[in-house]
Amino acid sequence: MIDRRGFLIAGAGLAAGVGASIVARAQGDGLRSPPAGQAALDDAQAAHIRHILNLAAMPDGEWRHMGSSDPGQEWLDAYRYQIAFMAYTLGLAAYHHLPAAAETLRAPFDALIRKMLRREVWAYWRATSQSGPRLDPGLAALREPWTDPVVRENIMYSGHLLAMVAMYRMLFGDAKYDTAGSLTFRYDPIFYGQGPETFVYDHGTLQRRIVEQFAEFHDLGVPCEPNNIFVVCNQYPLLAVRFRDAVDGTQHLDPMLASYRRAWDARGGVIDGRDSVIWSLMVRQRRLIDYPTPDSAWTLGALNCWMPERVRAVSGRYARLWLKETADATLQIRPPHELHAMATDKAVGPAIPYRSPAFGYAALWLSELGDRERLTALLAHADRFMRPTVEAGGLFYPREDRSADAAGRMTYMDPLTGNALIAYARINVADGMRAMYERPWSSRPIGPAIVSVSGAALRRAVHRDEGRSMEFDLAADIATRSPISIGFGALPPGNTWRLREIGRGHDGGDGRSVRIPIDALGQAMIASAGSAGVRRFRLEAAV
């Protein structure tokens, strides 16, 4: 049996408004990602967002549904990854589905950044900074530890924090994290130490320190744990620099990425000539690790931002290797012992348990590729065999440590996949993060915007007529039957604005158009009357 620490050794040696009904439908064929190009969020997508909002709203220090089997925040489903991918999921929703209502997601996104700064998320680094022979074979003595989680190495934390802050600024136009001290780490344990330690950063100083480390490590990226540069973790600071460039009008990424590509091409490339996806580089040993586990699906999904042709050229091969069709016509991750035997031509016993978020990584990768057929089959497996659960209107998949059921169907579910990665995959569109990378917002979209909603969940909010009008879809909260309140912002003065409900012909209605008044504060009240289904509205300047 190979546990997570054994895997490091083996790798080095080998190279709102929905409820119980959604659960009922999840057992069959009801929950599916929408067809490519569909902008409106469906019930499942909206319920995933609600779950993320629920977790973001938890009191600081409350980690409901986020606990993992690893006690030290050292594994792949640690808090930092869950928080980051919940934030990225909100970002995809804002960019692709709710660009005219992105502001409604700003507060929960900000709450996730605040949680990312909590000591229990990053304090593992003080002990990790000492390194050890598992990470650095031949290390004669442990290093002196340090507490600052971003000053050197640990890109598995600092890179995601930087990407979250940069995405926040790009999507919401809020420069709060440019303020000195806005990213401050406080280490003040009660029972040990010589007093509080404080490390003060902001968006600019954090990015500068990470860029400096790229140069310090010969442009190959920054180590995660000591002595190990993981390809995937270094994609997120590249995204972050791109987002800041767009807002500031700078061009820091271009030379940085060119140097990164040259450095890796000199070593065969992050996807080498044998089509192997490089997982990591052991720095002192100058040793590349390319063990072909399905965890590398995460790497491929991230690399799609800037090398999509190469990613697509190898993805078919890896889909056949990593994914296995079940007797129920769903897809699951191929069991680890089968993958090991395929990679080594050696049987390793009856079974190796699933222990990584490979299911979620595969979903992310397939969503970014736009491989709807495989993604649908993978999500169908989750819906049938991984206990989809709705709590307070939010959809998630609870942790399950058991690898498979009696029929051999994968049941393992880690909290990163269950809280964030399936949500990410469902809400994403083909080339969704790539689109954000290639076309980040240099400023907020022009036109009126929705800044608040109560009594309903937004399903779509887009600008029309070059920003002179907007359309949005709402699903009323039928559980409370509360009136729907919409707050509008960015209404240019001097215009009279007209809000009307477009006839519900697209939803089986009668096609009527109903006008709704907007008060002087930009608020509109819409009677819900317990209406089920999605309703469409249009806001435009009166002629």
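These notes cover the structure that comes with them. (Residues numbered from 1 in each chain as written. Predicted model: local features only at pLDDT ≥ 70, side-chain atom pairs only at ≥ 80, totals over all residues. Heavy atoms only, no water.)

1. Topic: the pattern of salt bridges
In the structure shown here, the tally under the stated rule is 45 salt bridges. Here D371 and R374 are joined by a salt bridge, their closest N and O atoms 2.8 Å apart. Note that R409 is salt-bridged to D405, the shortest N-O span being 2.8 Å. Residue classification places R409 among the partly exposed positions, given a relative accessible area of 23%. It is possible to trace a salt-bridge network through shared partners that takes in R460, R464, D465, E471, D473, R498, R500, R536, R538 and E540. (Salt bridge = Lys/Arg side-chain N within 4 Å of Asp/Glu carboxyl O. Buried < 20%, exposed > 50% of the residue type's maximum accessible area, 1.4 Å probe, protein only.)

2. A few points about the packing of aromatic side chains
Under the criterion given, the structure shown has 27 aromatic pairs. With centroids separated by 5.5 Å and ring planes inclined at 75°, the aromatic side chains of Y168 and Y177 adopt a geometry described as edge-to-face. Consider the rings of Y260 and W306, whose centres lie 6.0 Å apart with planes at 75°: the pair is edge-to-face. Taken as a pair, Y260 in helix α11 (residues 253-265) and W306 in the loop between α12 (296-303) and α13 (308-322) lie far apart in primary sequence, 46 residues in all. Classification of W306 by relative accessible area gives buried; the value is 13%. An aromatic cluster of three or more residues is present, and its members are Y81, F85, Y88, Y236, W298, Y361 and Y424. Note that R242 overlies the ring of Y437, its terminal NZ or CZ placed 5.9 Å from the centroid. (Phe/Tyr/Trp six-rings, centres within 6.5 Å; stacked < 30°, edge-to-face > 60°. Helix = DSSP H or I, 4+ residues; strand = E, 2+ residues; numbered from the N terminus. Lys NZ or Arg CZ within 6 Å of the ring centre and 35° of its normal.)

3. Brief notes about α13
Here α13 spans 19 Å end to end across 15 residues, near enough to the 21 Å set by a 1.5 Å rise per residue. In α13, a bend of some 40° at S315 exceeds every other bend along the element. Where α13 is concerned, the buried positions are P308, V311, V314, S315, Y318, A319, L321 and W322. (Expected span 1.5 Å × (residues − 1). Bend = angle between axes of the 7 residues up to and from the residue.)

Spatial relationships are all this shows, so hold off on functional conclusions.
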